[in-house]
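Tertiary structure, described
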Amino acid sequence: MIKLARTILAVCLLCSFAVWPVAAQDVPNSKDPAGMKRYEGSELIGYRAPKFDEYLLPLGPPTDAYPPKYVKSLPLEGQVSYYTYMAPEGRSTAELFRNYKQEFARLDLDILYQKDAGQPGWFGPTFNQIARDSDIGSILGFNADVERMVVGKSKDAQPTYYVAFITAYRDGPMPDRLLKGMTKGRALAQLVVVSPDTMEKKMIFVNADDMKQALHDSGKVAIYGLYFDTDKDTVKAESQPTLAEIAKLLNSDSSLRLHVVGHTDNQGKTDYNLALSRRRAANVVAELVSKYGISSSRLDAFGCGLYAPLASNEEEAGRTKNRRVELVRW
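Just so it is clear, the model here is predicted, and its values are computed rather than measured. (Residues numbered from 1 in each chain as written. Predicted model: local features only at pLDDT ≥ 70, side-chain atom pairs only at ≥ 80, totals over all residues. Heavy atoms only, no water.)

Comments concerning helix H6 (residues 270–292)
Along its 23 residues, H6 runs 33 Å from first to last C-alpha, staying within 8% of the 33 Å computed at 1.5 Å per residue. Among all positions of H6, only Asn 273, Leu 274, Leu 276, Ser 277, Arg 280, Ala 281, Val 284, Val 285, Glu 287 and Leu 288 are buried. With its phi angle positive at about 70°, Gly 293 sits one or two positions after the end of H6. (Helix = DSSP H or I, 4+ residues; strand = E, 2+ residues; numbered from the N terminus. Expected span 1.5 Å × (residues − 1). Buried < 20%, exposed > 50% of the residue type's maximum accessible area, 1.4 Å probe, protein only.)

Description of the pairing of strand S7 (residues 161–168)
Residues in a regular strand point their side chains to alternate faces of the sheet. Burial of S7 is extensive: eight of the eight residues sit out of reach of the surface. Of the two faces of S7, both are covered, the one formed by Tyr 161, Val 163, Phe 165 and Thr 167 as well as the one formed by Tyr 162, Ala 164, Ile 166 and Ala 168. Pairing analysis gives six bridges linking strand S6 (residues 148–153) to S7, with the strands arranged antiparallel. In the sheet register, Arg 148 faces S7, and the bridge partner there is Ile 166. (Pairing = 2+ DSSP bridges.)

Concerning the pairing of strand S4 (residues 73–86)
Among the 14 residues in S4, 10 count as buried, and that is most of the element. Sheet topology note: the strand S1 (residues 43–58)/S4 ladder contains 13 bridges and is antiparallel. Paired with Glu 43 across the two strands is Met 86, which belongs to S4. For S4 and strand S8 (residues 187–195), the ladder comprises eight bridges, and the chain directions are antiparallel. In the strand pairing of S8, Thr 84 is matched with Gln 190.

Some remarks on the side chain of Arg 148
Here Arg 148 shows up in strand S6. Buried within the structure, Arg 148 lacks any salt-bridge partner; its nearest side chain of opposite charge belongs to Asp 116, at an N-O separation of 5.3 Å. One polar contact links Arg 148 to Thr 93, side chain to side chain, over a distance of 3.0 Å. When neighbours within four sequence positions are excluded, Arg 148 is seen to be in contact with Thr 93, Ala 94, Phe 97, Lys 115, Asp 116, Ala 117, Ala 164, Phe 165 and Ile 166. (Lys, Arg positive; Asp, Glu negative; His and termini not counted. Salt bridge = Lys/Arg side-chain N within 4 Å of Asp/Glu carboxyl O. Polar contact = N/O pair within 3.5 Å; in protein donor to acceptor, adjacent residues only side chain to side chain. Contact = heavy atoms within 4.5 Å.)

This is the structure:
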């Protein structure tokens, strides 16, 4: 069983992400964005946990700061979270920016907007409300000459959006807790993440067109509309609308073949969850074959159990997101 678990772990974690260890000076109860690395040695000095909110995504230089307005923008709503990092002493904003661009590339994000140092736009003051919510004072607002920014989104049918704003401390008040380490020229990274509101919903219905787009963009799509009772593998009747959309997807493209992959949270024993995820995936395949006439040669079933989470299993919101079935292009 140990050998099998190691093999499954190697397969299922091909698309998982490593995260740098948390620094001792991090804000209490703070976390890095799911799946995203921090710049090595950085301290997480400002944080707001994800909560449902609105956010105006910058896609061009700002025209107003209070409230923020931009030459081009995209209004969003979803689970909005903030992360302010202080880089190690002596690091330049250029180096910090380059590393975040590399991280965006590792995550395979589509770049929607980029501002390099010296290009038009003073973004610092547009982060004033975020700074207040994160209790970091005015450390982001007074160094327009070195500002850099990159904005990206994931390739999911319901994408997550990322903003990385890079600057260096020049002036401005701050809380006492930051006085010791915040020297002039200290490089800073302000991240904003806007993810779909799946954390407060048991399922988001994904139709055949959404599935097709996600498979085209990233080769897989997470499905939350397939229901099972706790510790059971029988597909419940309320799953039929989603099964019908999967069948519609397959019928629209006779060459399409899919791996149906089951995933669980980390509650319970590892080997039990692994077996449960496999049985659930197999029963989804059986439903598609027996009730919707899909050829069994176009489908196979696999189970990853708890080995490929999309979110932290420490809270129910993350466990809900991890309990899913994924369709993977074959």
